[in-house]
Amino acid sequence: MTQRKLVLLSDLYFDSNEDLNERIQSLFQQKQPSIGYIPSSSDPQRIYVEHTRRYYRQLGIEDVQYYDFDAEYEEGRINSLFQCDAIHLSGGNTFYFLSLLQKRNMLERLRSYVNSGGILIGVSAGSILMTPSIRLAGYGEDADENYIDLTDLRALGLVNFEFAPHWDRSEVMLQSFQEYIQLHQTKVYACPDGGAVIVENESLELFGGAVPAQ
């Protein structure tokens, strides 16, 4: 049986969703867990990490540490990242984020972290990184721009589906995901802001209106 604790969020939502909050809290064994935050690109003003800290305070989690894989990368701190109870992958440009993980040789380390019981939490781009490929990030009207011409789009492959964040709950958007599914013979979960897909071992749960885009 695969050991996995994964939270795929569409965004950081501050309107309370008790079911989702309690489910995330239930993944932690510790009373005072630590979270290692990895930004999709450097956050010199710490704007996005502060926003994320506010989100976790809602869940009673205070210890969120910042680990930059971009301009402020410090190799000597990486071991302490993997000692955190959870790792948070931020939102942003999915292509650039994946290129950073490739450059720092982090894909295999993140897989090992999950396989040994670490919790991985993603938001938007961070969630897409948990899937087999980030191809979907470049699809549709609000697609991320692949401005770095990344050609190897293989991601962590911790799940066997793709993830579509920021679904506006419209049929039109759902239809475009269905076309994508037909084209690529894949499985996609569409997730509105405030929703999530949570995978624990072999079980998968949907929150806040997330649906399989069949």
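Our subject is the structure listed above.
Because the structure is predicted, anything quoted here is derived from the model rather than measured. Going along each chain's sequence as written, the residues are numbered from 1 onward. Under the rules for a predicted model, residues below a pLDDT of 70 receive no local features and side-chain atom pairs below 80 are neither given nor counted, while totals for whole chains, interfaces and linings still include all residues. Side-chain figures throughout are based on the complete set of non-hydrogen atoms in the structure, without hydrogens or water.

Chemist: Quick one: what's the story with the sheet that holds strand β6 (residues 162-164), residue by residue and with numbers?
Modeler: Pairing between strands is defined by DSSP: at least two bridges between the two strands are required. Each helix is a run of DSSP H or I of at least 4 residues and each strand a run of E of at least 2, with the numbering of both proceeding from the N terminus. Strand order in the open sheet formed by three strands is β6-β7-β10, with mixed pairing between adjacent strands. Every other strand in the sheet has two partners, leaving β6 and β10 (211-212) as the edge strands with one partner each. When β6 meets strand β7 (residues 188-190), the two strands line up parallel, connected through three bridges. Bridged to Phe163 within β7 is Tyr189. Residue contacts are defined here by distance: any two heavy atoms, one from each residue, within 4.5 Å place the two residues in contact. Axes here refer to lines fitted to C-alpha atoms; in helices the fit is confined to the stretch in contact. Angles between the N-to-C directions go from 0 to 180 degrees. Together, β6, β7 and β10 form the strand contacts of helix α7 (residues 171-184), whose direction differs from that of β7 by roughly 170 degrees.

Chemist: Can you tell me about the nonpolar core, naming the residues and giving the values?
Modeler: To qualify as a nonpolar core, a set must consist of buried Ala, Val, Leu, Ile, Met, Phe, Trp, Tyr and Cys residues joined through side-chain atoms within 4.5 Å. A simple rule labels every residue: compare its accessible area, found with a 1.4 Å probe on the protein chains alone, to the largest value its type can have, and call it buried under 20%, exposed over 50%, or partly exposed in between. Counting residues in each nonpolar core, the largest one holds 40 residues, and the members touching the most others are Leu6, Ile87 and Leu120. Of all elements in the fold, only β1 (5-9), α3 (78-81), β4 (86-89), α4 (94-103), α5 (107-115) and β8 (196-200) reach the threshold of two or more residues within this core. The element best represented in this core is α4, accounting for six residues. Leave out the neighbours within four places in its chain, and Leu6 touches Val114, Leu120, Met130, Leu158, Val159, Val197, Ile198 and Val199. The next biggest cluster of nonpolar side chains, apart from the first, holds 23 residues, and it includes Leu12, Tyr37, Tyr56 and Tyr66.

Chemist: Can you lay out the sheet that holds β8 for me, pointing to particular residues and giving the numbers?
Modeler: Across the sheet, seven strands lie side by side as β3-β2-β4-β5-β1-β8-β9; this open sheet has mixed pairing. Here the strands that pair on one side only, and so sit at the sheet edges, are β3 (63-66) and β9 (203-207). If you compare each strand with its neighbour and ignore which way they point, the axes differ by 20 degrees on average. Strand direction decides the pairing type here: strand β2 (residues 34-38) and β3, joined by four bridges, are parallel. Residue pairing for β3: Ile35 is matched across the bridge by Val64. Helix α1 (residues 18-27) contacts β1, β5 (119-123), β8 and β9 of the sheet and is inclined by roughly 30 degrees relative to β8.

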